[in-house]
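# Structural characterization, general
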Amino acid sequence: MKSISDNRQMEEMREKSGRGRGNKRLIPGFGLTMGITLAMLSILILIPLASVLIYAFRMPPAEFIEILTSESVRWALFVSVSTSFVAALINVVFGLILAWVLVRYEFPGKRILDGLVELPFAIPTAVAGITLSRLYSDQGLFGRALGHLGLRVSYTHLGIIVALTFIGIPFVVRTVQPVLEQLDPFFEEASSMLGAAPHTTFLRVVLPELTPALLTGFGLAFARGIGEYGSVIYISGNSARDHTQVASYVIMQRLNYMDYSGATAVALVMLVLSFLLLFSLNLIQLKQHRRTGDA
Amino acid sequence: MRKRQGIRIFLILMSVLFVATMLVVPLISVIVGSLRQGVAFYIQAISTDTVRSALRVTLIATMAALVVNTFFGLAAAWALTRFSFRGKQVLSALIDIPFSISPVIAGLAFLMTFGRLGWAAPIVDRINVLFHTNIKIVFAIPGVVLATIFVTFPFISRELIPVLNARGRDEEEAAALMGASGWNIFRRVTLPGIKWPLLYGMILCLARALGEFGAVHALSKTRGGTFTLPLEIDALYLSGGADSVTASFAVSSLLVMMAVIVLVLRSLIEHRSGRRGQKKRTESETGEI
């Protein structure tokens, strides 16, 4: 998303230097590449998604409302949003620590740690799902230990949060890392030389600079969590009674029952949610670019 | 100073502990789980007919996604970075849509297009009657391929666009002024400069395509026919018996090994292309996957 605003900046520079419109067709291939881009985007992404929207909007409003207010759907949406929110918060804390450690400190095994952060991107979600579910079950390594403390993780909301934390951690680390790399330690040194305590320096000098990146990482992890399916459905147990069904699971369940109206109605709510999130992420980054652009 | 050192050690320990418990232990437990019933069982578990069929479908879908998305990625990156036009931001955001929506919705989208209720189903039927073919999309291989392409669609263009933007258009413009054709400019000027990011994007696309589950789950119902490896893992795991759970971990270990290879390749390419340094300059890394 950062690159979207990068584009914008490049555009502005180009306009300012007065070579924007005049030679915009100097390089050949505009029609061809644009045609390919638009055609493939429409056929593979936009038209199929539009089919969902069309079906949803053709539904009688009463039926639509009835589906969304049914207990299982309300709970599933609530559980998806709240567990993703908590997991994204956990990821902001640990993502910040990890990014800090990876950028600011030198220690043996740092490159391996850096590579391992990427694991959740590379491991298939279903594999992560069954593995976590086993680990945190009553017979699993972590499940047994936590069981002694009276904590049940598998088949509870806690389990969903564990899976979503696993999935979301790279988003925060990989958004904060580059910003931290650019942040000059000079400001922190100045702050501490002026007598600020380390925590004051961190809260007043470092954190404000990182806030947009943290918010972006939070948003990406949150968005991914709301739509997550593979890593969650095994550890959650999908019980309607314990309210451990997530929204994606409900869509899939309705599809299996051939209940296309139900699936589409829930999907529409999720689409709206993710577009709102995407929109606010773009706003944050636009703001950030304006700020740094002026400086 | 001593206090600083304390914070430093504390933070490093926290990081290592977090990564170890959240990421490394699960990884190891897949391998341990897969070998619970011995090596002979492992080999038998990964060579059943359904696993072979699933491997074949997975490879078909992954190759298709790789080819289609590379082609699209190059075209989109060229169009979005080599020209100025209105609505560029909107187009760029539209390409990113698959990043932000649930894979299950991707599956649903193709069901609503080509499925029983889909508006395109009669068109496919008519084509089948006209040409005496028997093309099926949903619950067949084409559906699996389409879903895989959908979820990995922006991977390559996302890697190329920031790099091409950072490189600027001057070299291409010079080549065009000297009369080079579009294809020649692309092949001789642009491509050499983006070969590492291109490879990087292709590896990301490969990793995601191999492991895609949610989107494919909605569109594939026949085990041994249209199932991919992740679906086979799901089927084995849910069938419940201790043997089949071990078998599902055995099949999982195949995908985990592929994932580890992908990670190693990634860091090699990062090293080769000096991506770390580049990142500082272009802010290209965002972690959008």
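Residues numbered from 1 in each chain as written. Chains lettered and ligands numbered in written order. Predicted model: local features only at pLDDT ≥ 70, side-chain atom pairs only at ≥ 80, totals over all residues. Heavy atoms only, no water.

### As for the overall build of chain A
When its secondary structure is counted, chain A shows 14 helices and zero strands. The helix and strand sequence of chain A, counted from the amino end, reads α-α-α-α-α-α-α-α-α-α-α-α-α-α. In terms of overall dimensions, chain A has a C-alpha envelope of 60 × 55 × 30 Å along the principal axes. Within chain A, the fraction of its 295 residues that count as buried is 55%. Charge-centre separation for chain A: the mean point of 24 positive side chains lies 4 Å from the mean point of 20 negative side chains. (Helix = DSSP H or I, 4+ residues; strand = E, 2+ residues; numbered from the N terminus. Buried < 20%, exposed > 50% of the residue type's maximum accessible area, 1.4 Å probe, protein only. Lys, Arg positive; Asp, Glu negative; His and termini not counted. Charge placed at Lys NZ, Arg CZ, Asp CG, Glu CD.)

### Looking at the interface of chain A and chain B
If you look at the interface, chain A gives 104 residues, while chain B gives 103 residues. With both sides pooled, the region where chain A packs onto chain B buries about 9700 Å², and carbon together with sulfur makes up 72% of that total. Residue Arg266 of chain B pairs with Glu118 of chain A through a salt bridge whose shortest N-O separation is 2.4 Å. Among the elements that line the side of chain A that touches chain B, the one with the most residues is helix α2 (residues 30-58) of chain A, at 17 residues. (Contact = heavy atoms within 4.5 Å. Buried area = accessible area lost by both parts, 1.4 Å probe. Salt bridge = Lys/Arg side-chain N within 4 Å of Asp/Glu carboxyl O.)

### Comments concerning the domain arrangement of chain A
Residue and element names in this part refer to chain A. Segmenting chain A into domains produces domain 1 (30-57) and domain 2 (60-294). Each of domain 1 and domain 2 has a C-alpha centre, and these two points are 29 Å apart. Of the roughly 520 Å² buried at the junction of domain 1 and domain 2 (both faces included), carbon and sulfur atoms supply 86%. Scanning the region where domain 1 abuts domain 2 turns up zero salt bridges. Applying the counting criterion to the domain 1 and domain 2 interface returns zero residue pairs in polar contact (both at pLDDT 80 or more). Of the residues in the side of domain 1 that touches domain 2, the class split is six nonpolar, no polar and no charged. (Domains from an automatic or database assignment. Polar contact = N/O pair within 3.5 Å; in protein donor to acceptor, adjacent residues only side chain to side chain. Nonpolar A, V, L, I, M, F, W, Y, C, P; charged D, E, K, R; others polar.)

### Quick look at the side chain of Ser15 of chain B
Of note, Ser15 of chain B is situated in helix α1 (residues 2-34). The exposure class assigned to Ser15 of chain B is buried, which follows from its relative accessible area of 1%. Apart from the residues lying within four places of it in its own chain, the contact partners of Ser15 of chain B are Ile97, Leu98, Val101 and Leu113 of chain A.

### Looking at the environment of Ala54 of chain B
All names here are of chain B. For Ala54, the location among the structural elements is in helix α3 (residues 49-82). According to the relative accessible area criterion, Ala54 is buried, its value standing at 0%. In this structure the C-alpha to C-alpha distance between Ala54 and Asn165, which are 111 residues apart in sequence, comes to 40 Å. Not counting residues up to four positions away in its chain, the partners in contact with Ala54 are Phe227, Thr228, Leu229 and Glu232.

### Points about the environment of Glu232 of chain B
Residue and element names in this part refer to chain B. Tracing the sequence through the fold places Glu232 in helix α13 (residues 229-238). For Glu232, a relative accessible area of 0% translates into the label buried. Sequence separation of Glu232 and Ser53 is 179 residues, and the distance between their C-alpha atoms is 9.5 Å. When neighbours within four sequence positions are excluded, Glu232 is seen to be in contact with Thr50, Val51, Ala54, Arg223 and Phe227.

### Re the pattern of salt bridges
On inspection of all chains with the given rule, the structure shows 12 salt bridges over all chains. Between Arg174 of chain A and Asp114 of chain A there is a salt bridge; the shortest N-O distance is 3.2 Å. Placement of the pair is Arg174 of chain A in helix α9 (residues 157-182) and Asp114 of chain A in helix α5 (residues 110-116), with a sequence separation of 60 residues. Judged by relative accessible area, which is 13%, Asp114 of chain A ranks as buried. A salt bridge links Glu228 of chain A to Arg224 of chain A; its shortest N-O distance comes to 2.9 Å. An identical accessibility class is assigned to Glu228 of chain A and Arg224 of chain A; each is buried. One network of salt bridges, with partners in common, ties together Asp114, Glu118 and Arg174 of chain A together with Arg266 of chain B.

### Examining unusual backbone geometry
All names here are of chain A. The backbone phi angle of His243 is positive, close to 55°, even though this residue is not glycine. Tracing the backbone shows His243 in the loop between α12 (233-236) and α13 (247-256). Despite not being glycine, Met258 has its phi angle at roughly 60°, a positive value. Summarising the element assignment, Met258 is placed in the loop between α13 and α14 (260-294).

### Here we look at the environment of Leu265 of chain B
Turning to its location among the elements, Leu265 of chain B is positioned in helix α14 (residues 242-273). Note: C-alpha distance between Leu265 of chain B and Leu199 of chain B (66 residues apart in sequence) is 9.8 Å.

### Comments concerning the side chain of Asp234 of chain B
You can see Asp234 of chain B is positioned in helix α13. One buried charge, Asp234 of chain B, has no salt-bridge partner; the nearest side chain with opposite charge is Lys221 of chain B, at 8.7 Å. A polar atom in the side chain of Asp234 of chain B sits 2.6 Å from the side chain of Tyr234 of chain A. Those residues in contact with Asp234 of chain B, other than ones at most four positions away along the chain, are Tyr234 of chain A together with Phe213 and His217 of chain B.

### Things to note about the packing of α13 of chain B against α14 of chain B
Residue and element names in this part refer to chain B. Where α13 contacts α14, the two axes come as close as 8 Å, and the packing angle between them is 160°. Considering the angle they form, α13 stands roughly antiparallel to α14. Every pair of crossing elements has a handedness; the one defined by α13 and α14 is left-handed. Mapping the contact onto sequence places Leu229, Pro230, Ile233, Leu236 and Tyr237 in α13 and Ser244, Val245, Ala247, Ser248, Phe249, Val251, Ser252 and Leu255 in α14. (Axes fitted to C-alpha atoms, helices over the stretch in contact; angles between N-to-C directions. Parallel < 35°, antiparallel > 145°, perpendicular 65-115°, else oblique. Left-handed = near helix turned anticlockwise from the far one by under 90°.)

### Quick look at helix α7 (residues 121-131) of chain B
Residues and elements named next belong to chain B. Those residues of α7 that fall on the buried side of the exposure criterion are Ala121, Val124 and Asn128. The buried residues of α7 occupy an angular sector of 65° when projected down its axis, which confines them to one face. Counted as exposed and oriented over 90 degrees from the buried face of α7: Arg126, Val129 and Leu130. Contacts made by the buried residues of α7 are with α6 (103-114). Note on α7: the residue one or two positions beyond its end, His132, has a positive phi of about 55°. (Arc of directions from axis to C-beta.)

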